[in-house]
Structures are given as structure tokens and as C-alpha cells.
Amino acid sequence: AWNSEVIALAACMFPGHPSADKWHERAIVYMLNSFSRQSDLTSDQVVDGRPLKERLTAVTIHPDFSLENHNRVHPDYLTTGSLMLRNALLYRAAGRPIPESTFFNVPETYALVKGITATNGSCFYVNGQDWWPHRHDVPLLISGLMSVLRNDPEAAFIERATLAFTGRMHARFKDGSMWDRREYNYANAEEEMIARYAELYLFHRTFGDGPPPTPKATFLAEQSGVRVYDRGGFVTHRTPTKFVSLAWKNGAMGLVFPRDDTWFTAPYERGLVGTITCRGKNDSRPVLIARKVVPQPDSFAAAVRLSRCDGAVEQQLAVVSFPEDRVVILEQLVALEPIVLDRVATGAFGILNEDAPGISPNRRVLHHAGGRTSVDGACAAKRTHIPIPSTWINIDDRFGVVASASRLAYLDHNAYQKSRLREILHANAISGPQQVSKGDIFSQSTWLVLPNATAETTQGQTIALRITGELPVACLSDGTEITANFAAETKEVVEVDGQVHSLRPLDVLITGR
């Protein structure tokens, strides 16, 4: 996609050159090979006068239109179809027809992008973010181009919503900057943003305003639902009031966002799975052993088994995202060999606590059974672990977590790292040292996550852990029960009324609703 631009420019700028036709053809070849699936390589579909199979030599995206770069499914690179779309301006300026290859598989990858783009114009980074988290520039450009070139009203909404939010970001600074210098890790971020505005100006001057934007409520309704990307390795559940994801490839992580606030939840690469420290072992990225995802139109249940600590520990997780604003997680930790356990910090929720006037107040308020704890963001204080003497916690009266045991802790960080100020809430914090024998289940817990809940609502909820026939069961205060089978064989569960359920490996049973 990048390289197609200079070749297209040469063909459009020097049409009389002896190599102009070759340049034009190579620009088409480069664009077609930018977002190509395995099935496209043998396709007879005719694009720009020839079957695809005659020009395609590369496979660059998965069959589900996800793609990987930087060792993750990366929204920033899912939007790089904009590099091909930018060529449309060159062809229009040269008075030439826009090649069909300019759009090859771009609407399909952009459909995925829309599902993971918040209404403030940033992304839900389901596999983490190695660039800076507040990249409102990325959805802005692709959406503006899709709006005018493909007459996409949802793209028109994202473009306008993003511009409204970037206006708030610019308003923080007298010199017109968009980001605080602590908020990005790319030297030319501001210059790139200037280029994005200039490109969009040129496109709108050339191609018009685009269609009327979809209303926000309609956009959220259209993007709501459950989507499973098997090859990309993640599942998402979006509603008008929450976003939940679980990824099991390129490491494993989970995220829960209240509404569309990408300035609240951090794209923490150990979200949910957390850290496990065993003496003499590396706490490296989790490695998938097995997984099962059962999607419904308005909910999902997923179970994963993960290898941790150089294979010495197996982490077993079940995640259920309900239609309403609640998510339940079950976790077991099993020693696969004798270990010395120094620390467990799982049930991890990355929380941004940033100094962004008008957007983020540089302070989070923790409500819990012991009262209120005010946690400053950027400041001179040292990094601190704050034990929370409670089975429930609520942050800022808008994000609640209820645990089956009083093992909550909050990591107060106080300094920007990797272009963000991320703190971490742990729902399952255990300190060692502790000798653990092979085969021992050394931690069992369950957590209820309540995005958008007040402290009062959070305090009124309970969750308990019960073991039934060796299987962990999460018991909610409304009578809902969630049973997960992490065993390698089928297990039977008998309910109070005598009904028998057979749970195959990684099955998740939800009863009492």
C-alpha cells in the first residue's frame, strides 16, 4: 500500500514517459497485493481488466479480513487501506479513471475497523497498542476517505465525531498542538496530524462533502453485537454502553470499556490475564493451549487454557459477556510442576489516569468497603501498590468490580510510560513466597465486572465461588450461576432441580437467568 503511492504518482505525473504504462500496471499490482487473502490468489474475479489470479502473489490478510503487524492484530494497520485510497486524488488530478484496485478489500477491512472504533474516534486495541493509545488520527483519515469515495454514512459519522474530539484535544494547548508530548512515541506525530487535515481538505474539495452522517445512536446500534475473528484470534462484544474483547492469539488479553471511553480503559497487554511470578521462571506472554468461544447475537461465553511461567503454570479462564452491562470471569491457576510462587496479580484491568485537562482529570477515585481513596495521576509520588480491604471496588462512580475474595489491589503508577499513564486494578492479588506442589490448584476466583455502574450499585452486588463436582461455579446475587469445565474430559453437572448437564471440555454453562 505504501509503495503503490509513488508508482501511481509517477504514472499520473508523467503520462508521456515511455514507462508510464508499466508504472500504472505496477501500481495496480501493488494495490491488489496489499490486502489479499489466500482465496484471492486463485480467484477469477476481474479487477482492472484482468483476473485477480494473474496479478496476485502475496497473502497479507486473514480470511476474516483481520491482519497482523507488530505481532498483533493492529487497528492502526487495518486502516492502511487509506494509503491506497489516497491514490484516488492523484488519478482524479491527472484526469484518469480511478482504478478498481484502489478499493480492493478495503471496504471489508474497514468494516472490521468500524466495529473497533469508538465514537470519540480512537480504537479499541484488542491486542494491545505499541504505538500511543490516543491515535484519533488513524480512524479519522480512513473514515474521511471512505465517506467521500464510497458514500459511506457511518464513515461520515466517524470522521465528524473524531474531528469534534480532536478539537477538544487541540483546545488544551495555546500553540495548537494535539497531543501532550508525553502522549506519543513517534517523533513526527504532530506533523503527521497536519498532513491528515490537509489530505482530508483536499479530498473534500475534490470529491465533495460525502453523504449525511449516520446519527450516533444508529451507528452504535449497527455496530452492536458479537463478532468472532477466528484467524485474527479474538472476539468482541459491543453494545451502545460497553465494549468487551478477549484475544487468545499473540499473547492473551481481555478488555472491558465503559461506554466508548478509550481515555478510561487502557489497552493493557495483560488485561484480565495479569502477571504470575514464579521463582526461576519467566513471566512471558501467555501461550494458548486450547480455547472455545460460543457467540450469541447479544452475548458470548469463552473459555481458554493458557500456558504461563515457561509452562510451569496453567491459567484457566472463562469469560461471559451478558447483554446488559456486566461481565463475569472465572479463573483457576494450576501448577504443572513444583513451583515457588512469589506473586499473583491476575484479574487485571488497565486504567488510564492521565493529565489531560477537559478530557481526563489526572485523578481516579476508588470507592470500596473501606471508604474512598483518591489516586493522583501524573505526579512526583513513587509507584505504590494499594491494598483494597474489600470484595468490591468502583472507580469514579462508573466502573465496578466485585470479587469472590478480598484480594483486590490497585497499582498507582504516577508516571507516563510508553506514551500513557496506565495504572492497574488487580482483582486477584496474592503475595508469596508459597511452595506449590505439582497438580495443585493454587488459586480459584471469580469476578463480576460492571461497566457504567455507580459505587452504590457495585456495593449492592455479590459474587461467590462454589466447587461442584470439581468444577468452579460463579454464583451471582440474582441467582445466575456460571459453571466452567476446564478438565480434559466431559463432566456432568446436576442442578438443584435434578436436571443433568453434560459439559464437554471448555464448555461454559449459564443457568438461573
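Residues numbered from 1 in each chain as written. Predicted model: local features only at pLDDT ≥ 70, side-chain atom pairs only at ≥ 80, totals over all residues. Heavy atoms only, no water.

1. Remarks on the overall build of the protein
Note the cut-off: Strands are runs of DSSP state E lasting at least 2 residues, helices are runs of H or I lasting at least 4, and numbering of each runs from the N terminus. Only C-alpha atoms enter the radius of gyration, while the globule expectation follows 2.2 Å times N to the 0.38, with N the number of residues. A 1.4 Å probe rolled over the protein chains alone gives each residue an accessible area, and that area as a share of the maximum for its type sets the label: buried under 20%, exposed over 50%, partly exposed in between. Contacts are assigned to residue pairs with any non-hydrogen atoms lying within 4.5 Å of each other. Surface exposure here means Shrake-Rupley accessible area, sampled with a 1.4 Å probe, where a residue is shielded only by the protein chains that are shown. When charges are counted, Lys and Arg contribute as positive and Asp and Glu as negative, whereas His and the chain ends are disregarded. For this purpose, a charge sits on NZ of Lys, CZ of Arg, CG of Asp or CD of Glu.
Each helix and strand counted, the protein has 11 helices and 28 strands in total. The C-alpha radius of gyration of the protein comes to 25 Å, within 12% of the 24 Å expected for a compact globule of 513 residues. With the C-alpha coordinates aligned to their principal axes, the bounding extent of the protein is approximately 80 × 55 × 45 Å. The buried share of the protein, reckoned over its 513 residues, is 58%. In the protein, the share of contacts with a sequence separation of at least 24, taken over all contacts with a separation of at least 6, comes to 62%. For the protein, the exposed area adds up to about 20300 Å²; of that, 51% sits on carbon and sulfur atoms. For the protein, the centre of its 53 positive side-chain charges and the centre of its 56 negative side-chain charges are spaced 3 Å apart.

2. Details of the pairing of strand S23 (residues 463-468)
The criterion, for reference: Any two strands with at least two DSSP bridges between them are considered paired.
Sheet topology places S23 next to strand S24 (residues 471-476); six bridges connect them, and they run antiparallel. Following the sheet pairing, isoleucine 467 is matched in S24 by proline 472. Taking the residues that link successive antiparallel strands as the turn, the S23-S24 hairpin has two residues, and the phi of glycine 469 there is positive, at about 55 degrees.

3. Thoughts on the sheet that holds strand S20 (residues 408-412)
Condition: In this description, a line fitted to the C-alpha atoms serves as the axis of each element, helices being fitted only across the stretch in contact, and the angle between N-to-C directions of two axes falls anywhere from 0 to 180 degrees.
Strands sit in the order S7-S12-S21-S20-S17 across an open sheet of five strands; the sheet is antiparallel. In this open sheet, the two edge strands, each paired with only one partner strand, are strand S7 (275-278) and strand S17 (384-388). Between one strand and the next, the sheet's axes are offset by a mean angle of 30 degrees, whatever the strand orientation. In this structure, S17 lies alongside S20, joined through five bridges in antiparallel fashion. The partner of isoleucine 386 across the bridge, within S20, is tyrosine 410.

4. Considerations on the environment of alanine 10
Following the sequence through the fold, alanine 10 ends up in helix H1 (residues 2-13). Linking alanine 10 and tryptophan 23, residues 13 residues apart in sequence, is a C-alpha distance of 6.9 Å.

5. What to know about H1
Quick reminder of the rule: To estimate how far a helix should reach, multiply one less than its number of residues by 1.5 Å.
With 12 residues, H1 ought to run about 16 Å at 1.5 Å a step, and its terminal C-alpha atoms sit 18 Å apart, in line with that. For H1, the set of buried residues is Ser4, Glu5, Ile7, Ala8, Ala10, Ala11 and Cys12. Residues of H1 that are buried in the fold lie against helix H2 (20-32), helix H4 (81-85) and helix H5 (87-93).

6. Let's talk about the nonpolar core
Cut-off, in case you're wondering: Side-chain atoms within 4.5 Å link the members of a nonpolar core, which is a set of buried Ala, Val, Leu, Ile, Met, Phe, Trp, Tyr and Cys residues.
Judged by nonpolar contacts, the single largest core of 61 residues is most densely connected at Leu85, Leu149, Trp179 and Phe203. Of the residues forming this core, the biggest block, seven residues, is contributed by helix H7 (residues 137-150). Setting aside residues up to four positions removed in sequence, leucine 85 forms contacts with Thr102, Phe103, Val106, Ile142, Leu145, Met146, Leu149 and Phe203. Membership of the second largest hydrophobic core comes to 36 residues, among which are Val319, Ala403, Leu408 and Ala427.

7. Some thoughts on the pattern of salt bridges
Between side chains of opposite charge, pairing is possible as soon as their charged atoms come close. Our working rule: Note on definitions: salt bridges are taken to be side-chain nitrogens of Lys or Arg within 4 Å of carboxyl oxygens of Asp or Glu.
Overall, the coordinates contain 36 salt bridges when judged by the stated rule. Between arginine 50 and glutamate 54 there is a salt bridge; the shortest N-O distance is 3.2 Å. Look at glutamate 54 and you get partly exposed, because its relative accessible area is 47%. Through salt bridges with shared partners, a single network forms among Glu5, Arg86, Glu192, Arg196 and Glu199.

8. Overview of the packing of helix H6 (residues 106-115) against H7
Stated precisely, the cut-off is as follows: The scheme is simple: roughly parallel for angles under 35 degrees, roughly antiparallel for over 145, roughly perpendicular for 65 to 115, oblique for anything else. A clockwise turn of the near helix away from the far one marks a right-handed crossing, whereas an anticlockwise turn of less than a right angle marks a left-handed crossing. In this count, Pro and Cys sit with the nonpolar residues alongside Ala, Val, Leu, Ile, Met, Phe, Trp and Tyr, while Asp, Glu, Lys and Arg are called charged and the others, Gly among them, polar.
Between H6 and H7, the shortest axis-to-axis distance is 12 Å and the interhelical angle comes to 130 degrees. As far as their axial angle goes, H7 and H6 are oblique. Two packed elements cross with a definite hand, and for H6 against H7 that hand is left-handed. When H6 is examined against H7, the residues Val106, Pro107 and Tyr110 are found in contact with a partner set consisting of Ile142, Ser143, Met146 and Arg150. The residue makeup of the contact of H6 with H7, split by class, is five nonpolar, one polar and one charged.

9. Some remarks on the packing of aromatic side chains
Short version of the rule: Between 30 and 60 degrees the pair is tilted, below 30 it is stacked and above 60 it is edge-to-face, where a pair is any two Phe, Tyr or Trp rings, Trp via its six-membered ring, whose centres lie within 6.5 Å.
All told, the structure shown has 16 aromatic pairs when counted by the stated rule. Pairing phenylalanine 124 with phenylalanine 257 gives two aromatic rings, centres 4.7 Å apart and planes at 65 degrees, and the pair type is edge-to-face. Here phenylalanine 124 is found in the loop between H6 and H7, whereas its partner phenylalanine 257 is found in strand S6 (residues 253-258), with 133 residues between them in sequence. Residue phenylalanine 124 shares its accessibility class with phenylalanine 257, and that shared class is buried. Pairing tryptophan 132 with tyrosine 186 gives two aromatic rings, centres 6.3 Å apart and planes at 10 degrees, and the pair type is stacked. Linking tryptophan 132 in the loop between H6 and H7 with tyrosine 186 in the loop between helix H8 (153-170) and helix H9 (189-207), this pair joins segments that are 54 residues apart in sequence. Given a relative accessible area of 30%, tyrosine 186 falls into the partly exposed group.

10. Let's talk about the sheet that holds strand S4 (residues 234-239)
For sheets, the rule is that strands pair by backbone hydrogen bonds, running either parallel or antiparallel. Taken together, four strands build an open sheet; the order of strands is S3-S4-S5-S6 and the sheet is antiparallel. Every other strand in the sheet has two partners, leaving strand S3 (225-229) and S6 as the edge strands with one partner each. Strand-to-strand twist in this sheet, taken as the mean axis angle between neighbours without regard to direction, amounts to 5 degrees. Two elements, S4 and strand S5 (residues 242-247), share six bridges in a ladder whose sense is antiparallel. Within S5, the residue paired with valine 235 across the bridge is leucine 246.

11. Notes on the packing of H1 against H2
Angle between the axes and distance between the axes: these two values describe a pair of packed helices. Contact geometry for H1 and H2: axes closest at 8 Å, N-to-C directions at 155 degrees. Accordingly, the angle class assigned to the pair H1 and H2 is roughly antiparallel. Regarding H1 and H2, the two cross each other, and that crossing is left-handed. Counted together, Asn3, Ser4, Ile7, Ala8, Ala10 and Ala11 of H1 and Ala20, Trp23, His24, Arg26, Ala27, Tyr30 and Met31 of H2 form the full contact between these two elements. Looking at side-chain class alone, the contact of H1 with H2 contains nine nonpolar, three polar and one charged residues.

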